[in-house]
Amino acid sequence: MQRILVRDARNAAAIGQQRRISGWVRTRRDSKGGFSFIELNDGTSLANLQIVADASLTNYESEIKRLAPGCSLSAEGEIKSSGGKGQATELHASRIVVHGWADPETYPLQKKHHSFEKLREWAHLRPRTNTLGAVARVRNCASRSIHNYFQEQDFLYVHTPIITASDCEGAGEMFKVTTLDLEALAKQSRPPDYALDFFERPAFLTVSGQLEAETYATALGRVYTFGPTFRAENSNTSRHLAEFWMVEPEVAFNELPENMELAEGLIKRIFRDVLDRCGEDIAFFNERIDNTVLATLTGIVESPFERITYTDAMALLESSGRKFDYQPSWGQDLQAEHERYLTEEAIKRPVIVYDYPRGIKPFYMRVNEDGRTVRAMDVLVPKVGEIIGGSQREERLDVLTQRMGEQGLNPDAYWWYLDLRRFGTVPHAGFGLGLERVVQFMTGMANIRDVIPFPRTPGNAEF
Ligand code: 4AD
Ligand code: MG
């Protein structure tokens, strides 16, 4: 018998069809008249399909009445219209095959409500919950949108390396990759000799694919990379992961204003697609997690982002009359509380802050005429704060070399990056959007660890 997905079987158009449905039991309820209702989920929608199983099934007493949450089965029968609340259809089973049992005594998800914190201990089972299933669908939809947005504008998808020798952000927050026997070296009190290591030099997990993306942008025009990035920063917050996914476009001949447009367009495209394709999931987040997400997403799609220089943002903060934990002062980085004040109270929508002081931004950002600021831009949103960081790039060899010196970086180590400025240099710009921050924003999930399947944070890499 032909298989149908729960999402399609719930549609009234399926009524009258003989179909097989397969999935995992969410609940079983027995009725007095000698039949049972089984709520089945297969991941294709938030909602379940109700299966009506009656006592005439050969395995009704021996198996059906023992079904518990987590059991897997296939059921065949006719899809009929349903009198039940919140469902157009149900399947009247003529045969049910149980694939796997789940002992209610030991199945962790037997109990309905666990905290998200508790669920992290069962990262291998939590995708079976409503919330994590919905997050997975929204995350998938966002990823698809990202590719569509760039592909439709003729960007090339470039696969930048995961293992690299250069520190893009210059912040020294990299995980080292080595095959040296560190324990043996420690026992002999010998320092590691990286000339003897796998790559014959120190190597790391990448913090960003930007520098490599720039090599392709300055050859092929418009490119993007989209992959995992790694940061060994020891920040145990609800917005930081040690492993996260970043999409990074890089465009030759773009300057900062076009870079802002590209970023704003990307965010709106993702939100629009998620509202269109994941309506049921967003309604769920709006009802259960954060009752502002639906209105916020719809509002953002329809209105332009505010653009404000760092200097004006500082002035706004200083004149706010607000007592902050960190007093805002020109030259200092914006703290989370400052970002929140700007996006949630002063401006009340997404804000692109640009032209930051040169001292707090990486070496590759283009220095402005004033000499004090660089062509940086951060896109800030309410609650989550920064979801995009980017800039116009420094294309002048002499200024770039000087900036590296300022930040204690050795230009020799970046010889290939400097070559891009030696040979046919062009103005160019790009940015990085953190996928998890975006998913967090769209779903209203309070902790970033709940919007990635297997979160890596300080002290956590169990699965
Ligand atoms: O601002 P960041 O550090 O920018 C860069 O890495 C640039 N090289 C990007 C570029 O211009 N191509 O990071 C970009 C974004 C942040 O705005 C944030 O959304 C996300 O990546 N991000 C993190 N997300 C989760 N956990 C972390 N530890 C993150 N660090 C940055
Ligand atoms: Mg940043």
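Residues numbered from 1 in each chain as written. Chains lettered and ligands numbered in written order. Predicted model: local features only at pLDDT ≥ 70, side-chain atom pairs only at ≥ 80, totals over all residues. Heavy atoms only, no water.

Novice: Please provide a residue-by-residue account of the overall build of the protein, values included.
Specialist: Of the regular secondary structure elements, the protein holds 13 helices and 16 strands. Along the first, second and third principal axes, the C-alpha atoms of the protein reach 85 × 60 × 45 Å. Looking at the protein as a whole, 51% of its 463 residues qualify as buried. Here the contacts in the protein between residues at least 6 apart in sequence split such that 66% fall between residues at least 24 apart. Entry remark: accessible area of the protein is about 21800 Å², with carbon and sulfur atoms responsible for 49%. Of the side chains in the protein, 55 bear a positive and 64 a negative charge, and the two mean positions are spaced by 6 Å. (Helix = DSSP H or I, 4+ residues; strand = E, 2+ residues; numbered from the N terminus. Buried < 20%, exposed > 50% of the residue type's maximum accessible area, 1.4 Å probe, protein only. Contact = heavy atoms within 4.5 Å. Areas by Shrake-Rupley, 256 points an atom, 1.4 Å probe, with all protein chains shown as cover. Lys, Arg positive; Asp, Glu negative; His and termini not counted. Charge placed at Lys NZ, Arg CZ, Asp CG, Glu CD.)

Novice: I'd like a rundown of the sheet that holds strand E11 (residues 243-252), residues and numbers included.
Specialist: The strands making up a sheet associate through backbone hydrogen bonding, with each pair oriented either parallel or antiparallel. The eight strands are arranged E6-E10-E11-E16-E15-E14-E13-E12 in an open sheet whose pairing can be described as mixed. The open sheet has two edge strands with one neighbour each: strand E6 (156-157) and strand E12 (306-309). Sheet analysis places strand E13 (residues 351-357) next to strand E14 (residues 373-381), joined by six bridges and oriented antiparallel. Counted as the bridge partner of Val351 is Leu380 from E14. The strands touched by helix H5 (residues 210-220) within the sheet are E6, strand E10 (222-230), E11 and strand E16 (428-434), with E11 carrying the most contacts at an inclination of about 25°. (Pairing = 2+ DSSP bridges. Axes fitted to C-alpha atoms, helices over the stretch in contact; angles between N-to-C directions.)

Novice: I'd love a proper account of the state of the cysteines, names of residues and values included.
Specialist: Evaluated as defined, the whole model comprises zero disulfides. We note that Cys278 lacks a disulfide partner, and the nearest cysteine sulfur, in Cys141, lies 4.0 Å from it. Residue Cys278 is classed as buried on the basis of its relative accessible area of 6%. (Disulfide = S-S within 2.5 Å.)

Novice: Residue-level account of the side chain of Thr89, with values.
Specialist: Locating Thr89 in the fold gives a position in strand E5 (residues 89-100). Classification of Thr89 as buried rests on a relative accessible area of 2%. Of note is the side chain of Thr89, whose polar atom sits 2.6 Å from the backbone oxygen of Ala9. (Polar contact = N/O pair within 3.5 Å; in protein donor to acceptor, adjacent residues only side chain to side chain.)

Novice: So what about the site of ligand 1? Which residues, and what values?
Specialist: Of all residues adjacent to ligand 1, which total 25 residues, the nearest are Glu169, Gln210, Arg231, Glu248 and Glu386. Note that an oxygen atom of ligand 1 is positioned 2.9 Å from one of the backbone N or O atoms of Ile387. Protein burial of ligand 1: of its 630 Å² of free accessible surface, 94% is covered by the chains. Every element with two or more residues in the shell around ligand 1 is listed here: E11, strand E15 (385-392) and E16. Sort the elements by how many residues they give to the shell around ligand 1 and E15 lands first, with five residues. Among the residues forming the shell around ligand 1, the class breakdown is nine nonpolar, eight polar and eight charged. (Near = heavy atom within 4 Å. Nonpolar A, V, L, I, M, F, W, Y, C, P; charged D, E, K, R; others polar.)

Novice: Kindly report on the nonpolar core, identifying the contributing residues and their values.
Specialist: Counting 54 residues, the largest nonpolar core has Phe271 and Met442 as its most contacted members. For Met442, the contacting residues outside a window of four places in its chain are Val138, Ala142, Ile270, Phe271, Val274, Ile282, Val293 and Leu297. Counting 33 residues, the second largest nonpolar core, distinct from the first, contains Leu211, Val351, Phe363 and Val367. (Core = buried A, V, L, I, M, F, W, Y, C linked by side-chain atoms within 4.5 Å.)

Novice: Quick rundown of the packing of aromatic side chains? Include the residues and the values.
Specialist: Scanning all chains against the criterion turns up 17 aromatic pairs. Taken together, a centroid distance of 5.1 Å and an interplanar angle of 75° make the contact between Tyr149 and Phe150 edge-to-face. Phe150 shares its class with Tyr149; the two are buried. Seen in terms of ring centroids, Tyr310 and Tyr356 are 5.3 Å apart; in terms of plane orientation they differ by 40°. Their pairing is tilted. (Phe/Tyr/Trp six-rings, centres within 6.5 Å; stacked < 30°, edge-to-face > 60°.)

Novice: Give me the lowdown on unusual backbone geometry, citing residues and values where you can.
Specialist: Phi is positive for Lys348, close to 60°, though the residue is something other than glycine. Tracing the chain through its elements places Lys348 in the loop between helix H10 (336-346) and E13.

Novice: Would you mind going over the environment of Ile347 in detail, with residue names and values included?
Specialist: Locating Ile347 in the fold gives a position in the loop between H10 and E13. When sequence neighbours within four positions are dropped, the list of residues in contact with Ile347 reads Glu306, Leu316 and Leu342.

Novice: Describe in detail the pattern of salt bridges, supporting the description with residues and values.
Specialist: Applying the stated criterion to the full structure yields 28 salt bridges. Across the salt bridge formed by Glu264 and Lys268, the nearest N and O atoms sit 2.8 Å from each other. One end of the pair is Glu264 and the other is Lys268, both in helix H6 (residues 256-277) and four residues apart, which spans about a single turn. For Glu264, a relative accessible area of 9% gives the class buried. Between Lys383 and Asp290 there is a salt bridge, and its shortest N-O distance comes to 2.9 Å. (Salt bridge = Lys/Arg side-chain N within 4 Å of Asp/Glu carboxyl O.)

Novice: Report on the packing of H5 against helix H12 (residues 415-422), specifying residues and quantitative values.
Specialist: Viewed as axis vectors pointing N to C, H5 and H12 meet at an angle of 30°, and their least axial separation amounts to 10 Å. One finds that H5 runs roughly parallel with respect to H12. Viewed along their axes, H5 and H12 form a crossing whose handedness is left-handed. Of the residues in H12, those touching H5 at Gln210, Leu211, Glu212, Glu214, Thr215 and Thr218 are Trp416, Tyr417, Leu420 and Arg421. Of the residues in the contact of H5 with H12, the class split is four nonpolar, three polar and three charged. (Parallel < 35°, antiparallel > 145°, perpendicular 65-115°, else oblique. Left-handed = near helix turned anticlockwise from the far one by under 90°.)

Novice: Got a sec to walk through helix H8 (residues 293-302)? Specific residues and values, please.
Specialist: Residues of H8 that are buried: Val293, Leu297, Ile300 and Val301. Each buried residue of H8 sits inside an arc of 100° when the element is viewed along its axis, so together they form one side. Across H8 from its buried face, at more than 90 degrees, point the exposed residues Ala295 and Glu302. Where H8 is buried, its residues contact H6, helix H7 (279-288) and helix H13 (435-443). (Arc of directions from axis to C-beta.)

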